[in-house]
Amino acid sequence: MWYDDPIMLLHEMKLKGLTALLWLGLAALPLCAQDVTEIMDFEGSGGGLILESPMALAVGSNGEVFVAGYASNNVHRIAATGATTVVLGAVGDGVGNTMVGPRGLALTASGDLLVVAEFSDNGFAVTPTGVLHVWIDGTGDGAGNVLDAPTAVVVDAVGNRFVAGSGSDNVFRVSASGQVSEIVDATGAGGSAVLDRPLALALDAAGVLYVAGGGSHNVLRVDTAGTITEIVDATGAGATGPLLEPSALAVASGAVFVAGALSDNVLRWDGAGVQSWIASSPTNVLTMPRALAARDGDLFVAGSQSHTMLRRAVDGSVATLLAPGMGVETPTAILAEPTGTVLVAAFATANVVRVGTGRPFLRGDATGDGAVDIADPVRLLLFSFLGTELPCRDAADWDDDGIIGIADATAALQWLFGPTALPAPLLCASDSTDDSLNCTSAPPCP
């Protein structure tokens, strides 16, 4: 069988009992976008501690970033200062429990880093001081329910850890005290709502767990009492979009979002039904999405085969934030930071980048014509009094206070006939100020 997706190739190697990992030999490309910053490349933490085929990310409360090298069998820590170290390697705990193929990362409230490794069938915890131990292994619950090929891990507010076994078709819960229980098996919710090859997990604020069955093409909901229901099946949103090989989940604003890797889309479930939320288009191409992230009403999705990252903004507009040729090939993990940026780990280029999520714009260009002139305060007055929409609200916010009104028209006139300084960016760039305004249309950067 030929595999277009290198991730699925490695996964099948695991399920067939092969333990060798492949280096795909794809060289890193130079970064060319001004709002994309590379924070780690193939060199990893240096000194031979490389980063190869990253597939998972986590961010600590102090801004530190953790990235799992799936093929380099290690987890790197990138401090807020930029300093890098390896916190877990292939030797695991050094007493026989190796760590091969790290696939999922999560952080507990106390700052412990949780790592699940697909090829060694286990999970490690690393404390902030570097102490580590195995919290689950291939024996699963020790009662015959094994853990094979874990691919995802999440932790709830009281310290319960959940891990999905993609090879054993199940989900385990490990309590804060260490008690292991299988809470979902291959029968799923019963009947036709089976669970096959779970690839992603997510939790909502109430502690309800969601499980994406990559092989069963569905999403299961597990409430805190243990009741399992199927909320999305392969029919997805019906005529507007099926669900094929769900590979990523996100929970936000009372809704569950799921990415279909083989249906090239994102669906939304809100309890009342399933909607098509993001679909590939000629303008915003999305192929084989395998990563989702949500923040402040915006949803981000990465297409591992289209080498793109799209954002659906709170106003419903969709924009491409990463495109081919930007040095981020086969994005497999994304994480929305509270600072307004998005972290992206790229499998093929073996790097991690930080992406600004605002569309580049020219401060003061309220008309969207690529220039700042008298037409801009006129357009601002039309917006203020007649509601005439603006192509880029961020650009129209002359005083950068997050509000568009008469004060912006006044500032525009003062600058044109004064002049006075404008807030950054004067030139074409993305907004560095965290506000609710966004830019859905702006002239290309010069």
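Residues numbered from 1 in each chain as written. Predicted model: local features only at pLDDT ≥ 70, side-chain atom pairs only at ≥ 80, totals over all residues. Heavy atoms only, no water.

Trainee: I tried to follow the overall build of the protein on my own but got confused; where do I start?
Mentor: For the protein, the helix and strand inventory stands at 4 helices and 28 strands. The proportion of buried residues among the 446 residues of the protein is 53%. Taking the contacts inside the protein whose residues are at least 6 apart along the sequence as the reference set, 47% of them involve residues at least 24 apart. Within the structure as shown, the protein displays about 17800 Å² of accessible surface, and the carbon and sulfur contribution to it stands at 56%. (Helix = DSSP H or I, 4+ residues; strand = E, 2+ residues; numbered from the N terminus. Buried < 20%, exposed > 50% of the residue type's maximum accessible area, 1.4 Å probe, protein only. Contact = heavy atoms within 4.5 Å. Areas by Shrake-Rupley, 256 points an atom, 1.4 Å probe, with all protein chains shown as cover.)

Trainee: Would you explain helix 4 (residues 406–417) in this entry?
Mentor: Because the α-helix completes a turn every 3.6 residues, residues three or four places apart line up on one side. Along its 12 residues, helix 4 runs 17 Å from first to last C-alpha, staying within 8% of the 16 Å computed at 1.5 Å per residue. What helix 4 keeps buried is the set Asp408, Ala409, Ala411 and Ala412. End-on, the buried residues of helix 4 take up no more than an arc of 160°, which puts them together on one face. In this fold, the buried residues of helix 4 make contact with helix 2 (375–386) and helix 3 (393–396). (Expected span 1.5 Å × (residues − 1). Arc of directions from axis to C-beta.)

Trainee: Just to check I follow, could you spell out the side chain of glutamate 118 for this structure?
Mentor: Tracing the backbone through its elements, the reader meets glutamate 118 in the loop between strand 7 (113–117) and strand 8 (122–126). Residue classification places glutamate 118 among the buried positions, given a relative accessible area of 0%. Separated by 2.7 Å, the side chains of glutamate 118 and tyrosine 70 make a polar contact. (Polar contact = N/O pair within 3.5 Å; in protein donor to acceptor, adjacent residues only side chain to side chain.)

Trainee: Got a minute to help me understand the nonpolar core in this structure?
Mentor: Generally speaking, nonpolar side chains in soluble globular proteins are found buried as a group. Grouped together as the largest cluster of nonpolar side chains are 17 residues, with contacts concentrated most on Met309, Leu322, Ile334, Val342, Val344 and Val355. Among the secondary structure elements, those contributing two or more residues to this core are strand 22 (289–295), strand 23 (298–303), strand 25 (318–322), strand 26 (331–336), strand 27 (341–346) and strand 28 (351–356). Residue contributions to this core peak at 3 residues, all from strand 27. Beyond its immediate stretch of four places on either side in the chain, leucine 322 contacts Val36, His307, Thr308, Met309, Val328, Val344 and Val355. (Core = buried A, V, L, I, M, F, W, Y, C linked by side-chain atoms within 4.5 Å.)

Trainee: What am I meant to see in a nonpolar patch on the surface here?
Mentor: Together, Ile374, Val378, Leu381, Leu382, Phe385, Leu386, Ile406, Leu413 and Phe417 line one region of the surface with nonpolar side chains, adding up to about 900 Å² of accessible area. Secondary-structure elements contributing two or more residues to the nonpolar patch are helix 2 and helix 4. For the nonpolar patch, the element with the most residues is helix 2, which contributes 5 residues. The topology assignment puts leucine 381 in helix 2. (Patch = residues over 30% accessible without salt bridge, like charges linked within 9 Å, V, L, I, M, F, W, Y side chains within 5 Å. Salt bridge = Lys/Arg side-chain N within 4 Å of Asp/Glu carboxyl O.)

Trainee: How do you make sense of the pattern of salt bridges when you look at a structure like this?
Mentor: It is possible for side chains bearing opposite charge to pair when their charged atoms get close. Tallied over the entire structure, the rule returns 7 salt bridges. With a shortest N-O distance of 2.9 Å, glutamate 245 and arginine 290 are connected by a salt bridge. Taken together, the residues span a long stretch of sequence, with glutamate 245 in the loop between strand 17 (228–232) and strand 18 (246–252) and arginine 290 in strand 22 at a distance of 45 residues. This pair shows no difference in class: glutamate 245 is buried, exactly as arginine 290 is. For arginine 393, the salt bridge identified is with glutamate 389, shortest N-O distance 2.9 Å. Through salt bridges with shared partners, a single network forms among Arg197, Glu245 and Arg290.

Trainee: I'm lost on the confidence of the model for the protein in this one. Help?
Mentor: Atom-level detail of predicted coordinates should not be read off regions where pLDDT is low. For the protein, mean pLDDT is 87; residues scoring 70 or higher make up 86% of the total. Counting contacts from residues 9–34, a segment whose pLDDT is below 50, to residues more than four positions away or on other chains yields 59 contacts. (pLDDT = per-residue confidence, 0-100.)

Trainee: Sorry, what's going on with the packing of aromatic side chains here?
Mentor: Aromatic ring pairs are described here by two measures, namely the spacing of the ring centres and the angle between the planes. Applying the stated rule across the entire model yields 4 aromatic pairs. Centroid distance tyrosine 210 to tryptophan 269: 6.4 Å. Interplanar angle 55°. Geometry classified as tilted. Placement of the pair is tyrosine 210 in strand 15 (residues 209–213) and tryptophan 269 in strand 20 (residues 265–269), with a sequence separation of 59 residues. In this structure, tyrosine 210 and tryptophan 269 share a single accessibility class: buried. Aromatic side chains phenylalanine 257 and tryptophan 277 sit 5.9 Å apart centroid to centroid with 55° between the ring planes, which places their arrangement in the tilted category. Of the two residues, phenylalanine 257 is situated in strand 19 (residues 255–260) and tryptophan 277 in strand 21 (residues 274–279); the sequence distance between them amounts to 20 residues. Positioned above the aromatic ring of tyrosine 70, the side-chain terminus of arginine 103 is 5.9 Å from the ring centre. (Phe/Tyr/Trp six-rings, centres within 6.5 Å; stacked < 30°, edge-to-face > 60°. Lys NZ or Arg CZ within 6 Å of the ring centre and 35° of its normal.)

Trainee: Please clarify how the pairing of strand 18 should be interpreted in this entry.
Mentor: In regular strands, side chains alternate between the two faces of the sheet. Within strand 18, 6 of the 7 residues are buried, leaving the element largely enclosed by the surrounding structure. Pairing of strand 18 with strand 19, which is carried by 6 bridges, proceeds in the antiparallel orientation. By the bridge assignment for strand 19, proline 246 is matched with glycine 260. Linking strand 18 to strand 19, which pair antiparallel, is a turn of 2 residues; within it serine 253 sits at a positive phi near 55°. (Pairing = 2+ DSSP bridges.)

Trainee: Quick question: what am I supposed to make of the sheet that holds strand 3 (residues 65–69) here?
Mentor: Sheet strands line up and pair through hydrogen bonds in the backbone, either parallel or antiparallel. Pairing is antiparallel across the open sheet formed by 4 strands, whose spatial order is 2-3-4-5. Only two strands of the sheet have a single partner each, and these edge strands are strand 2 (54–59) and strand 5 (84–88). Adjacent strand axes in the sheet meet at a mean angle of 25°, parallel and antiparallel pairs treated alike. As judged from the 5 bridges shared by strand 3 and strand 4 (residues 74–78), these two strands associate in the antiparallel manner. Counted as the bridge partner of phenylalanine 66 is arginine 77 from strand 4. (Axes fitted to C-alpha atoms, helices over the stretch in contact; angles between N-to-C directions.)

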